[in-house]
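# Summary of the model geometry
In case you want the letters, here they are:
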Amino acid sequence: MKNIIITGGAGFIGSHVVREFVKNNPDITIINLDALTYAGNLENLKDIENEPNYVFEKADITRPDELRTVFEKYNPDAVVHLAAESHVDRSITDPMAFINTNVNGTANLLNLCKEFWTLNPDHTHGRFPDEQRKNLFYHISTDEVYGSLGETGFFLETTPYDPQSPYSASKAASDHLVRAYGNTYGMPFIVSNCSNNYGPNHFPEKLIPLCISNIINEKPLPIYGDGKYTRDWLFVIDHAKAIHQIFNDAKTGETYNIGGFNEWQNIDLVKELIRQMDAKLGRPAGYSEKLISFVKDRPGHDKRYAIDATKLNKDLGWKPSVTFEEGLAKTIDWYLENKEWLENVTSGDYQKYYEKQYN
Ligand code: NAD
């Protein structure tokens, strides 16, 4: 392969994925295609922006004309697709933005790949013999497409889809489209569905960076409902490494769940953050617990997500490199060392969104 397009590469996960691909593939040009919405920030890639195998192209996946220009320029061998509207709360207030980007944008990309690549519909479900795999559409998705779990059990790759929010429904639709293009046109594809990510460069509308920012500034820590919502958490760099490994080693037509075997109730997670941050900030133990503030629940809130990532471990030997406590410590250190990044992204439009959401 000579050219790989990574969409959404200026976002939280995308920037770590771009870095992983750029560093590990010096002979391949990595094209970061991103519209730079509120969530896209080229500051995330400052350390690699001058690498000879990295280029940035500003383009909107909802605009086929803009995508075509990039495809004509680079004739990509593969697409790793992360560009999306990604925040559940925003999908509740503005579902159409999610349908436009996540559903139509994915379809626009698939159509261009279909036009630019030589496909073979004989290979049903996009399952190409390895030696014939010249192209790949690798779609990055979420465990939220599976809906909500009860007290026990895990999401498997075979769990039926049951999305509950406009965000997860739009991601589910995009997953179905990718598999449909594989089945119908012989598009070589892979899908992976990952649990909640955390780590450096996470936009502070999401729980962990929001709480880090508010603990620093001694502002309330908003927690939905009774705080018992349970999520499986994965350090973003482990996700980026999993994506790179799946891209290289997985067979086409496959789906992989990626997760940390690492479930936390929101309230316990926030208390762990407080424990670590109070110590790092030289505050008395438990000092910031007074900031915990239970807020009105999100409509349609899924109770529990938990991923079973056994298939990925068995097939490719992947497992997370850090525990949650270690990953959290690295994350807190990053935010404390990059206060300017935090200040830049929390000014302007974000302030307006934040005030509307929580005041
Ligand atoms: P993010 O919101 O931080 O970044 C999204 C990026 O996509 C931004 O750089 C933004 O500018 C870009 N983008 C948005 N609309 C675009 C458009 N129309 N055209 C081109 N670029 C556009 O998101 P993230 O948290 O990094 O998530 C990346 C992907 O991973 C998403 O597809 C998301 O569904 C998936 N995912 C996220 C998580 C998580 O915990 N954050 C977990 C599993 C899967």
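These numbers were taken from a predicted model, which means no experiment stands behind them.

## What about the confidence of the model for the chain?
Looking at the chain as a whole, the pLDDT averages 93, with 96% of positions reaching at least 70. With pTM at 0.95, the complex prediction returns an ipTM value of 0.99.

## Looking at the sheet that holds strand E10 (residues 255-258)
Pairing within the open sheet is parallel, and its 7 strands lie in the order E3-E2-E1-E4-E5-E6-E10. Each having just a single partner strand, strand E3 (54-58) and E10 make up the two edges of the open sheet. Put simply, the sheet's adjacent strands are angled 20° from each other on average, direction ignored. As paired strands, strand E2 (residues 29-34) and E3 are joined by 5 bridges and run parallel to one another. Note on E3: the bridge partner recorded for Asn32 is Phe56. Sitting on the sheet, helix H4 (residues 95-116) is in contact with strand E1 (3-7), strand E4 (78-81) and strand E5 (136-142), with an inclination near 165° to E5. Against the sheet, helix H7 (residues 236-249) makes contact with E1, E4, E5, strand E6 (189-194) and E10, and its axis sits at roughly 150° relative to E5, the strand it touches most.

## With respect to the sheet that holds strand E11 (residues 263-265)
Strand order across the open sheet formed by 3 strands is E7-E9-E11, with mixed pairing between neighbours. Since the sheet does not close on itself, it has two edges, and those belong to strand E7 (196-198) and E11, each with one partner. Recorded for the sheet is a direction-independent mean angle of 50° between the axes of neighbouring strands.

## Remarks on the pattern of salt bridges
Counted by the stated rule, this structure contains 15 salt bridges. In this structure, Lys303 and Asp226 form a salt bridge, with 4.0 Å as the shortest nitrogen-oxygen distance. Residue Lys303 is located in the loop between strand E12 (292-295) and helix H9 (310-316), and its partner Asp226 is located in the loop between strand E8 (221-224) and strand E9 (230-235); the two are separated by 77 residues in the primary sequence. Taking the relative accessible area as the measure of exposure, Lys303 reaches 38% and is therefore partly exposed. In the salt-bridge network here, residues are joined through shared partners; they are Arg63, Asp65 and Glu66.

## Observations concerning the site of the ligand
In the neighbourhood of the ligand, 29 residues make up the surrounding shell, with Ile13, Asp34, Ser86, Tyr167 and Lys171 lying closest. Note that an oxygen atom of the ligand is positioned 2.5 Å from one of the side-chain N or O atoms of Asp34. With respect to the ligand, the backbone of Asn197 contributes an N or O atom lying 2.8 Å from an oxygen atom. About the coverage of the ligand: the protein hides 96% of its 830 Å² of free accessible area. Within the residue set of the shell around the ligand, elements represented by two or more residues are helix H1 (12-24), E5, helix H5 (166-185) and E7. With 3 residues, the single largest contributor to the shell around the ligand is E5. Class assignment for the residues of the shell around the ligand results in 14 nonpolar, 12 polar and 3 charged.

## Details of the nonpolar core
Counting 31 residues, the largest nonpolar core has Ile4, Ile6, Phe21, Val80, Tyr138, Ile246 and Ile258 as the members making the most contacts within it. Every element with two or more residues in this core is listed here: E1, H1, E4, E5, E6, H7, E10 and H9. Sort the elements by how many residues they give to this core and H7 lands first, with 5 residues. With residues up to four places along the chain from it excluded, the contact list for Ile6 reads Val17, Val18, Phe21, Ile30, Ile31, Asn32, Leu33, Val80 and Leu82. Of all hydrophobic cores here, the second largest spans 29 residues; its members include Ile215, Leu221, Ile223 and Trp233.

## Describing the pairing of E9
For a regular strand, the rule is simple: side chains alternate between the two faces of the sheet. Of all 6 residues in E9, 6 are buried; the element is thus mostly enclosed. Residues Thr230, Asp232 and Leu234 point to one face of E9 and Arg231, Trp233 and Phe235 to the other, with burial holding for every one of them. Sheet analysis places E7 next to E9, joined by 3 bridges and oriented parallel. In the strand pairing of E9, Asn197 is matched with Leu234. Of the strand pairs in this sheet, E9 and E11 are connected by 3 bridges, and their pairing is antiparallel. Along E11, the bridge assignment pairs Asp232 with Glu263.

## A look at empty space enclosed by the protein
Applying the stated rule across the entire model yields 1 cavity of 30 Å³ or more. The calculated volume of the largest cavity comes to roughly 60 Å³. Forming the walls of the largest cavity are Val88, Ile92, Glu144, Ser165, Arg231, Arg298, Pro299, Gly300, His301, Asp302 and Tyr305. Among the residues making up the lining of the largest cavity, the classes are represented as 4 nonpolar, 3 polar and 4 charged.

## Examining the packing of helix H2 (residues 64-74) against H4
Direction vectors running N to C along H2 and H4 enclose 40°, while the axes themselves pass 10 Å from each other. Once H2 is placed against H4, the crossing between them reads as right-handed. Here H2 contributes Pro64, Leu67, Arg68, Phe71 and Glu72 to the contact with H4, which in turn contributes Asn108, Leu109, Leu112, Cys113, Glu115 and Phe116. Across the contact of H2 with H4, the residue classes tally to 7 nonpolar, 1 polar and 3 charged.

## Digging into the side chain of Thr7
Of note, Thr7 is situated in strand E1. With a relative accessible area of 0%, Thr7 lands in the buried category. A polar contact of 2.9 Å, which involves the side chain of Thr7, links it to the backbone nitrogen of Leu82. Not counting the four nearest positions on each side in its chain, Thr7 is found in contact with Leu33, Val79, Val80, His81, Leu82, Ala83 and Leu109.

Criteria and thresholds
Residues numbered from 1 in each chain as written. Predicted model: local features only at pLDDT ≥ 70, side-chain atom pairs only at ≥ 80, totals over all residues. Heavy atoms only, no water. pLDDT = per-residue confidence, 0-100. Pairing = 2+ DSSP bridges. Helix = DSSP H or I, 4+ residues; strand = E, 2+ residues; numbered from the N terminus. Axes fitted to C-alpha atoms, helices over the stretch in contact; angles between N-to-C directions. Contact = heavy atoms within 4.5 Å. Salt bridge = Lys/Arg side-chain N within 4 Å of Asp/Glu carboxyl O. Buried < 20%, exposed > 50% of the residue type's maximum accessible area, 1.4 Å probe, protein only. Near = heavy atom within 4 Å. Polar contact = N/O pair within 3.5 Å; in protein donor to acceptor, adjacent residues only side chain to side chain. Areas by Shrake-Rupley, 256 points an atom, 1.4 Å probe, with all protein chains shown as cover. Nonpolar A, V, L, I, M, F, W, Y, C, P; charged D, E, K, R; others polar. Core = buried A, V, L, I, M, F, W, Y, C linked by side-chain atoms within 4.5 Å. 1 Å grid on protein atoms, 1.4 Å probe; cavity = no way out; pocket = protein on both sides within 12 Å on 5 of 7 lines; lining within 4 Å. Points joined across faces, edges and corners; volume = space filled by probe spheres on them. Left-handed = near helix turned anticlockwise from the far one by under 90°.

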